[in-house]
Amino acid sequence: MMTHAFDNLVMPDALETNLIAFRRELHRYPEVLFDVERTAAYIAELLRSWGLEVQTGVGKHFGRGVVGILRGTQGGDTVLLRADMDALPVTEQNATDYFSTIPGAMHACGHDAHTAMLLGAAWVLSLNREQIQGTIKFVFQPAEEGALASPLDGRLISGGRDMIEDGVLEGVKSAFAMHVWPDLPMGTIGFHPHTAMAASSHFTIRFTGLSGHHSTPHLCSDAIIMVAQFITDLKIFMSTAIDPQEAAVLSFGTLQAGNAKNVIAGHSEITGTFRAFRTETVERITQAIADRANSIASLHGGTAYISQRTGTVLQNDPVTVQAAARAAEKVFGSENTKTLGTPFLAGEDFALYTQQIPGVFGFIGISTPGRQPSYPLHHPRFDIDERALILGTRMHVEFAMQLLNEAKNQ
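Residues numbered from 1 in each chain as written. Predicted model: local features only at pLDDT ≥ 70, side-chain atom pairs only at ≥ 80, totals over all residues. Heavy atoms only, no water.

A. Representation of the environment of Q308 in the model. Relative to the elements of secondary structure, Q308 occurs in strand β14 (residues 303–309). Residues Q308 and A87, spaced 221 residues apart in sequence, show a C-alpha to C-alpha distance of 22 Å. Discounting residues that sit within four places of it in the chain, Q308 has contacts with L156, S201, H202, F203, F274, T286 and I289. Separated by 2.9 Å, the side chains of Q308 and T286 make a polar contact. At 2.9 Å, the side chain of Q308 forms a polar contact with the side chain of T310. (Helix = DSSP H or I, 4+ residues; strand = E, 2+ residues; numbered from the N terminus. Contact = heavy atoms within 4.5 Å. Polar contact = N/O pair within 3.5 Å; in protein donor to acceptor, adjacent residues only side chain to side chain.)

B. View of the nonpolar core. In terms of nonpolar packing, the biggest core is built from 67 residues, with F138, F140, M395 and F399 touching the most fellow members. When sequence neighbours within four positions are dropped, the list of residues in contact with F138 reads L52, V66, V67, G68, L70, L81, L118, A121, A122 and L125. (Core = buried A, V, L, I, M, F, W, Y, C linked by side-chain atoms within 4.5 Å. Buried < 20%, exposed > 50% of the residue type's maximum accessible area, 1.4 Å probe, protein only.)

C. Just the layout of surface pockets, in detail. Roughly 1,200 Å³ of internal volume is contained in the largest pocket. Looking at the largest pocket, it is lined by 50 residues, and the ones nearest its centre are E145, G146, H202, T273 and R309. Sorting elements by how many residues they give to the lining of the largest pocket places strand β9 (residues 195–208) first, with 8 residues. Class assignment for the residues of the lining of the largest pocket results in 20 nonpolar, 20 polar and 10 charged. (1 Å grid on protein atoms, 1.4 Å probe; cavity = no way out; pocket = protein on both sides within 12 Å on 5 of 7 lines; lining within 4 Å. Points joined across faces, edges and corners; volume = space filled by probe spheres on them. Nonpolar A, V, L, I, M, F, W, Y, C, P; charged D, E, K, R; others polar.)

D. Spatial organisation of the packing of aromatic side chains. This model, assessed by the stated rule, comprises 15 aromatic pairs. Taking 4.0 Å as the distance between ring centres and 20° as the angle between the ring planes, the aromatic pair formed by F34 and F62 counts as stacked. Separated by 28 residues along the polypeptide, F34 in the loop between α1 (15–28) and α2 (37–49) and F62 in the loop between β1 (53–58) and β2 (65–71) bring together distant segments of the chain. Look at F34 and you get buried, because its relative accessible area is 2%. Classification of F62 by relative accessible area gives partly exposed; the value is 21%. (Phe/Tyr/Trp six-rings, centres within 6.5 Å; stacked < 30°, edge-to-face > 60°.)

E. Representation of the sheet that holds β2 in the model. One open sheet holds the 8 strands; their spatial order is β1-β2-β4-β3-β7-β18-β8-β16, and the pairing between them is mixed. Across the chains shown, the open sheet's two edge strands, defined by having one partner strand only, are β1 and β16 (337–339). Averaged over all neighbouring strand pairs, the angle between strand axes comes to 25°, with direction disregarded. Pairing of strand β3 (residues 74–84) with strand β4 (residues 133–141), which is carried by 8 bridges, proceeds in the parallel orientation. Opposite V79, over in β4, you have I136 as the bridge partner. (Pairing = 2+ DSSP bridges. Axes fitted to C-alpha atoms, helices over the stretch in contact; angles between N-to-C directions.)

F. Spotlight on helix α5 (residues 223–240). If you check α5, its first and last C-alpha atoms are 26 Å apart, about what 18 residues at 1.5 Å a residue would give, namely 26 Å. Those residues of α5 that sit buried are A223, M226, V227, F230, L234, F237 and M238. One face of α5 carries all of its buried residues, which in axial projection span an arc of 90°. Those residues of α5 that are exposed and aimed more than 90 degrees away from the buried face are S239 and T240. Looking at the buried positions of α5, the neighbouring elements they touch are β9, β11 (248–257), β13 (267–276) and α6 (279–299). (Expected span 1.5 Å × (residues − 1). Arc of directions from axis to C-beta.)

G. Focus on the side chain of T188. Checked against the element boundaries, T188 lands in the loop between β7 (174–185) and β8 (189–191). Side-chain polar atoms of T188 contact the backbone oxygen of P185, separated by 2.7 Å. The contact partners of T188, leaving out residues within four places of it in the chain, are F332, N336, K338, F363, I364 and G365.

H. Spatial organisation of unusual backbone geometry. At L33, a position not held by glycine, the phi torsion is positive, near 50°. Turning to its location among the elements, L33 is positioned in the loop between α1 and α2. One non-glycine residue, A143, lies in the positive phi region at around 50°. On the secondary structure map, A143 appears in the loop between β4 and β5 (148–149).

I. Just the side chain of R23, in detail. Note that R23 resides in helix α1. By relative accessible area, which is 0% here, R23 ends up buried. In terms of polar contacts, R23 uses its side chain to reach the side chain of E386, at 2.9 Å. Other than its neighbours up to four places away in sequence, R23 contacts Y98, D112, A113, A116, D383, I384, E386 and L389.

Following this line, the structure appears as structure tokens:
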């Protein structure tokens, strides 16, 4: 019979029941990007009730993050465990008794589950402080799903960058995070040995021309023609200038132009994302966007304004992956601890953490064939098998305890 950290720890009463309650409370009240005041307050209150040191308002630019710090009775290294707490601007279509009460907002990416798992780990470990050989940082991050222009310097800032620039990684030896994953069955977990996820870059292009009457197009500069040509040219670039054997994708998300059907549009705006696994490819696509937007605008007598948040490839540290796999085998079993092959083209700003310190990002299965439909991430009917919550909490605990103990014994 396998032994894991839970066998030797003091446990809260009804842990699994409480994890489900945490997750459902968060699911009912989703908050988007940095507007997470209620969520952050809920998390901070729980952390304080368990005796952790709590830092609120963490983030150099927006100040919406929460950090709980648990110092063991024995000195040692510092391990960081991270969960994202923001939701998506999606209208939920589920009919559960815990469906979103906020119109136009939903936890359609499972961040409510991530937060509940990490809250559970903080609760368990707070009851076992005397066994902790070091310090654990519990990081609850806003705005993983996007970025906003900083009120300080205008840069597009995600929640991860905001907290990192405020020093959340100082003194940390290793970091760990997980994502619920509907492509994996409940009861399993997977890790990529190196590259886990793509650099996901977001862009906005605004074309400015000169509006006027449809009867005098020669006196106007048509911003709709600009954006239409830009779409075509950039799609041609992606299909002809990127190695077809390399994984890279670009898609447009929104397009807005014009105010009346008989007025030539003087303004247009298009947004989108592109994803790739190689930094060189990210740079090539970035340059292609700028070159084409500017040249097309100039050709039609207009101008282009380009705003972009450039993504970072999520790279796992191989040594930390091995440590995470050892911990996972004790929680999920060796047969349910998977080595994943091709990395995912989705993006994650946990990449900013592993860019600076050794870390690992895992994927925990949440689908149960025959029990409930498995909808993809960001779908308005996305939901999880809540039995995964206790496994995620155990994984956080096992990883932190193992890394701190191994570091102490080296």
